[in-house]
Amino acid sequence: MIFLAGCGEVWNDPYPGAERGGSILYSSFADRPKHLDPVQSYTEDEAVFTQQVYEPLLQYHYLKRPYELIPLTAVEVPKARSIDGGKFTVYEIRIRPGIKYQPHPGFVAENQKLTSKIVGDLKSPYDLPLGTRELTADDYIYQIKRLAHPRLHSPIYGLMAAYIVGLEDFSKELKQQKPDGWLDLRRHRLKGVERVDAYTFRVTLKASYPQFVYWLAMPFFAPLPWEAEKFFEQPGMAEKNFTLDWWPVGSGPYMLTENNPNARMVLEKNPNFRGETYPSEGEAGDAEAGLLQDAGKTMPFVEKVVFSREKESIPYWNKFLQGYYDTSGIGSDQFDQAVRVSIEGDADVTPEMEAKGIRLSTSVETTVGYLAFNWDDAVVGGSSEKSRKLRHAVSIALDIEEQISIFANGRGIPANGPIAPGIFGFREGKAGINPVVYDWVDGKPVRKSVEAAKKLLAEAGYPNGRDATTGQPLVLYLDTVARGPGDKAAFDWYRRQFEKVNLQLEIRTTDWNRFQEKIRKGATQIFRLGWNADYPDPENFLFLLYGPQSRARHQGENAANYASKEYDALFEQMKNLPNSAQRQRLIDRMVEIARRDAPWVWGIHPKKYSLRHSWIGNDKPNTMARNNIKYLKLDGEKRAALRREWNRPVIWPLIGILLFLAIAAVPAVLSYRRRERMAARPT
Amino acid sequence: MLAYIIRRILYAIPILIGVNLITFGLFFVVNTPDDMARMQLGAKRVTPEAIAKWKEERGYDKPLLLNSKKNGLEKITETIFYEKSVRLFAFDFGAAEDKRDIAHEIRTRMGPSLALAIPALLVGLAVNISFALLMAFFRATYLDLWGVVLCVAMMSVSTLFYIIGGQYVASKLWHLVPISGYEGGLDAARFVILPVAIGVLGGIGAGGRWYRTLFLEEMGKDYVRTARAKGLAESVVLFRHVLKNAMIPILTGVVVVIPLLFMGSLLTESFFGIPGLGSYTIDAIQAQDFAVVRSMVFIGSVLYILGLLLTDLSYTLVDPRVRLE
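Residues numbered from 1 in each chain as written. Chains lettered and ligands numbered in written order. Predicted model: local features only at pLDDT ≥ 70, side-chain atom pairs only at ≥ 80, totals over all residues.

A.B. asks: Can you tell me about the interface of chain B and chain A, naming the residues and giving the values?
C.D. replies: Taken together, the 45 residues of chain B in the interface contact 46 residues of chain A. Elements represented by at least two residues in the side of chain B that touches chain A include exactly helix 2 (33-41), helix 3 (48-58), helix 6 (102-137), helix 8 (159-173), helix 9 (188-219) and helix 13 (266-272) of chain B. For the side of chain B that touches chain A, the per-class residue count stands at 18 nonpolar, 11 polar and 16 charged. (Contact = placed C-beta atoms within 7 Å. Helix = DSSP H or I, 4+ residues; strand = E, 2+ residues; numbered from the N terminus. Nonpolar A, V, L, I, M, F, W, Y, C, P; charged D, E, K, R; others polar.)

Structure representation (structure tokens):
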């Protein structure tokens, strides 16, 4: 107790006392990031770090919706220029001059020739003398070349090799190089990426690919200084986990100064950051929400960000309530404690949260979760009228609204097609409903009746769920990943939904790898899957049903193996068009075809619920970008005061326990003394 | 004694090969190298070429146990098992699948594991022995009876309950200690005090009962009766004679676990956010990181064998009648 009393007024504060009141954002991470190298990193939990450090050419506007691309280090959003009669597309990209990298030892020449003793004694790369230099077009070119690096695994290499002129040959050339040591990519020419001047470069694509600009907003296209790569390739660095994959080097608002993925990751303000101004316009309602108060002010506002590793949800949630994390998601276990939903369906925080000043933000994610029918399956797949009606019947029987209510606490909206809300091509209201499943009644969609589903089933040749020719009950198979005993309720729910139309459902559970293997081999009938958009373009959803993307046939992303010549032809026209009325018409037709064929039960677009404390400002959910920390502001003094108020140590129970033990010891001591005084021991 | 130690070390080699073989077999029964590659490369945009490249880089493109395409000894040496296992015997653990150096990870994570495990062991031992001696002293009384009932009750409660309950009461309700987290140096005390207390509390049931049984067995022996007949105080009988003679079974239980303290606690470290080796092992299992799993199983086996050897050696220290030949 005396020791704990030395911690000051607050005993349960997990952070050092010196940090109290500081401009420090406290957050957490559950899983160790696998890659922080921008050419390899592709997951959201890694983007939380990489997107604060690395600066791609473009970014998404923080406030405007639908999502809008704006320049970050580029002078403007590059425009495609078609050459050779449309055979090639050229993007000429100009970056802003005067941008400096964060301080880094790689920029100091002497640090490129370190002895093994110096490397051995290093606790952090930042213990060495630090330098910087200006960002140039060569750094972007270097990074694009790294997509084909023989020792790196860029998830988008395959995609980019299909578009960037010469990338495939460049990759073959690099494979001929000696397998170890630093590979100086500057010595190898990539035909499709040319330097124009120090601040300008040109990328040539084999064909038109309008979605290319979205990739320019991802860390795959962030600049990388060759000096940093060379620095980390020195002998002995990897043994100390000093690699570019763990120590990012960028020009962004923050730099990673502490990297302990087992416990703590710390981002600190990059002293060389050029400064960027907070946006001065947003969407309707942003001004009222106070999101434009800092318009024109220089970012970032927060000095330091501390991410603590929190593997379990219970301590994480309690620390948020104690004020030790500034923002939080909401797990299913905490939903009732945190959120109340009105009869109208509006969500708000509970009085308990409100009393603490905690606020709720919600946003529909650019994600779709669906139930897919394997198009190659003899029973549920194919374009025959029989199988289509069977799929329609199942689509009606599965009550997605009920599923969202029971299993997601209402956090989601039923999907009517592959495209998520907020993406061009998505339609609201009557025009947006799936007529196979819903009727438009009194200004809202109403799911068709079970009777309608049964009728479709009978027309499909399965009256009362039995095969009309054999009389045998129709048994369908759902493949899914089993995550634990908690899944039982969901599986029972699925069975009940199928039973509504007298269909029997067998659920085949397996682990993630086996599940993926089954899909790859086309050895499934019905399965659950989802897709999280890479960029806000309908192409990134509609390609999930594009024939040449078939998983079983081409190892692509069309997991249902759906095949429709008409859909594919429309997709090829649509993907190259800018957002326009013509494009909308094509999308409408494609969605109509997909709804008619029903290769998926259009499941759910999840809604993200996040909580933040009253001392956090400028927080607006953005499901496309993760470089949001630079926009956030916080009131450290207010946080410190509230933490003190919420976490006053309660000592009396401890004193009570000690007193109880002392009192309980008295009879024992008396008994002991009595025994000791006895002349002989009783038998 | 030296010959005995050398003999035991030599015995350890086939045991370690066997453990390696079993770990290898179990791991690759449920995971293929393709599965491992997919787990590491993520779920999106993974091409067969990327998987082949990942396997080739890490040597997972070879046959598991027997390379039929090779001749002679290479049939054995050009396999995943040989390449991944042999270096372990030189304590060369290599890199994890995410390319982080395993030896470096073990060195940095050992400290937090020990910071939690050593106090938990020592305090737990002291508390359990004291509690057991108390019950033994008051044997056949209500205190003994209710002590045993309490022990059985405490044994029946899951460790998870102690952890969640402890966090709820000590940190959430009373605000006495951080609910989770870890800092190095002296600051570590603030973070390990609760998990140590919970570890001790959770161990009282089993430990108290076990030691009570040992003490009661000793107390029924002739030398204890002789000591009492001489008129020695009960405390002297208990602490100077009974405790000393009960040391052999106590040592068996304690010395064997001392080396294993390095391995950390899987559950406690996860819940309290302590970046130790237990947490490392759990992460590796979840990430299907074979390089880490085999390294941790290997170290665990070596430490267990070491623990058993130390136990045997410690017998000679506490019991002069024992001779190792």
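Continuing now.
A.B. asks: Please set out the nonpolar core residue by residue, giving values where relevant.
C.D. replies: As a rule of thumb, nonpolar side chains are buried together in soluble globular proteins. Among the nonpolar cores identified, the biggest contains 145 residues, and Tyr370, Ala372, Ala393 and Met590 of chain A are the most heavily contacted of them. Discounting chain neighbours no more than four positions away, the residues touching Met590 of chain A are Leu542, Tyr567, Leu570, Phe571 and Met574 of chain A. (Core = buried A, V, L, I, M, F, W, Y, C linked by C-beta atoms within 7 Å. Buried ≥ 20, exposed ≤ 12 C-beta atoms within 10 Å, placed from the backbone.)

A.B. asks: Help me get a handle on helix 15 (residues 450-459) of chain A, residues and values and all.
C.D. replies: Residues and elements named next belong to chain A. Ala453, Lys454, Leu456 and Leu457 are the residues of helix 15 that are buried. Down the axis of helix 15, the buried side of the element spans an arc of 160°, and every buried residue falls inside it. On its buried face, helix 15 sits against helix 12 (385-397). Downstream of helix 15 by a residue or two, Gly461 has a phi angle that is positive, lying close to 100°. (Arc of directions from axis to C-beta.)

A.B. asks: Talk me through helix 23 (residues 652-677) of chain A; I want residue IDs and the actual numbers.
C.D. replies: With 26 residues, helix 23 of chain A extends 38 Å from end C-alpha to end C-alpha; this agrees with the ideal 38 Å at 1.5 Å per step. Helix 23 of chain A sits mainly on the outside: 0 of its 26 residues count as buried. (Expected span 1.5 Å × (residues − 1).)

A.B. asks: An account of the sheet that holds strand 5 (residues 88-94) of chain A is needed here, citing residue identities and associated values.
C.D. replies: Residue and element names in this part refer to chain A. The 4 strands lie next to each other as 4-5-7-6, forming an open sheet whose pairing is antiparallel. At either margin of the open sheet sits one strand with a lone partner, and together these are strand 4 (80-83) and strand 6 (193-197). Each strand of the sheet is rotated relative to its neighbour by a mean of 30°, with strand direction disregarded. Against the sheet, helix 4 (residues 137-146) makes contact with strand 6 and strand 7 (200-205), and its axis sits at roughly 175° relative to strand 6, the strand it touches most. (Pairing = 2+ DSSP bridges. Axes fitted to C-alpha atoms, helices over the stretch in contact; angles between N-to-C directions.)

A.B. asks: Describe the environment of Thr281 of chain B, listing the residues and the values that go with them.
C.D. replies: Residues and elements named next belong to chain B. The topology assignment puts Thr281 in helix 14 (residues 277-286). Sequence separation between Thr281 and Leu266 is 15 residues, and the spatial gap between their C-alpha atoms is 7.5 Å. Aside from chain neighbours lying at most four places away, what touches Thr281 is Leu266 and Met296.

A.B. asks: Provide a residue-level description of the pairing of strand 23 (residues 526-532) of chain A, including the pertinent values.
C.D. replies: Across 7 bridges, strand 17 (residues 367-373) of chain A lies against strand 23 of chain A in antiparallel orientation. Looking at the pairing, Val368 of chain A lines up with Trp531 of chain A of strand 23 of chain A.

A.B. asks: Describe the confidence of the model for chain A, and please don't skip the residues or the numbers.
C.D. replies: Scored by pLDDT, chain A has a mean of 93; 98% of the residues are at 70 or more. Per-element confidence in chain A is highest for helix 4 of chain A, whose mean pLDDT is 98, and lowest for helix 1 (residues 2-5) of chain A, whose mean pLDDT is 57. (pLDDT = per-residue confidence, 0-100.)

A.B. asks: Quick one: what's the story with the sheet that holds strand 8 (residues 254-260) of chain A, residue by residue and with numbers?
C.D. replies: Residue and element names in this part refer to chain A. Across the sheet, 4 strands lie side by side as 1-12-9-8; this open sheet has mixed pairing. A single partner strand is all that each edge strand has here, and the edge strands are strand 1 (24-29) and strand 8. Recorded for the sheet is a direction-independent mean angle of 20° between the axes of neighbouring strands. Bridge count between strand 1 and strand 12 (residues 304-309): 6 bridges; the pairing is parallel. Across the sheet, Leu25 pairs through a bridge with Val305, a residue of strand 12.

A.B. asks: An account of the packing of helix 10 (residues 222-229) of chain B against helix 11 (residues 234-245) of chain B is needed here, citing residue identities and associated values.
C.D. replies: All names here are of chain B. Their axes nearest at 11 Å, the elements helix 10 and helix 11 cross at an angle of 145°. Considering the relative orientation of helix 10 and helix 11, their crossing is right-handed. Along its contact with helix 10, which presents Tyr223, Val224, Ala227 and Arg228, the element helix 11 presents Val237, His241 and Val242. A class-by-class count of the residues in the contact of helix 10 with helix 11 yields 5 nonpolar, 1 polar and 1 charged. (Left-handed = near helix turned anticlockwise from the far one by under 90°.)

A.B. asks: Got a sec to walk through unusual backbone geometry? Specific residues and values, please.
C.D. replies: Note the cis peptide between Arg65 of chain A and Pro66 of chain A, where omega equals 0°. Residue placement: Pro66 of chain A occurs in the loop between strand 2 (58-60) and strand 3 (69-71). Cis geometry marks the peptide bond from Met299 of chain A to Pro300 of chain A, where omega comes out at 0°. Here Pro300 of chain A is to be found in the loop between strand 11 (298-299) and strand 12. Positioned with a positive phi, Asn241 of chain A is a non-glycine residue whose angle comes to about 60°. Judged by the 21 C-beta atoms lying within 10 Å of it, Asn241 of chain A is buried. Positive phi is not limited to glycine here, since Gln288 of chain B has a value of about 50°. Within the secondary structure, Gln288 of chain B sits in the loop between helix 14 and helix 15 (290-318). Taking the C-beta count within 10 Å as the criterion, Gln288 of chain B has 21 such neighbours and is therefore assigned buried.

A.B. asks: Before we move on, could you go through the packing of helix 12 of chain A against helix 15 of chain A and cite the residues and values that matter?
C.D. replies: All names here are of chain A. Where helix 12 contacts helix 15, the axes come no closer than 8 Å and their chain directions differ by 165°. The orientation of helix 12 with respect to helix 15, classified from their angle, is roughly antiparallel. Remark: the crossing between helix 12 and helix 15 carries left-handed chirality. Across the interface between the two elements, Lys389, Leu390, His392, Ala393, Ile396 and Ala397 from helix 12 touch Val450, Ala452, Ala453, Leu456, Leu457 and Glu459 from helix 15. A class-by-class count of the residues in the contact of helix 12 with helix 15 yields 9 nonpolar, 1 polar and 2 charged. (Parallel < 35°, antiparallel > 145°, perpendicular 65-115°, else oblique.)

A.B. asks: Explain the pairing of strand 22 (residues 504-510) of chain A to me, and be specific about the residues and the numbers.
C.D. replies: Residues and elements named next belong to chain A. Bridge count for strand 21 (residues 475-481) against strand 22 is 7 bridges, and the pairing is parallel. The residue bridging Leu478 from the neighbouring strand is Ile507, located in strand 22. What joins strand 21 to strand 22 is helix 16 (residues 487-499), and the crossover it makes is right-handed. (Right-handed = clockwise from strand over helix to strand, strands pointing away.)

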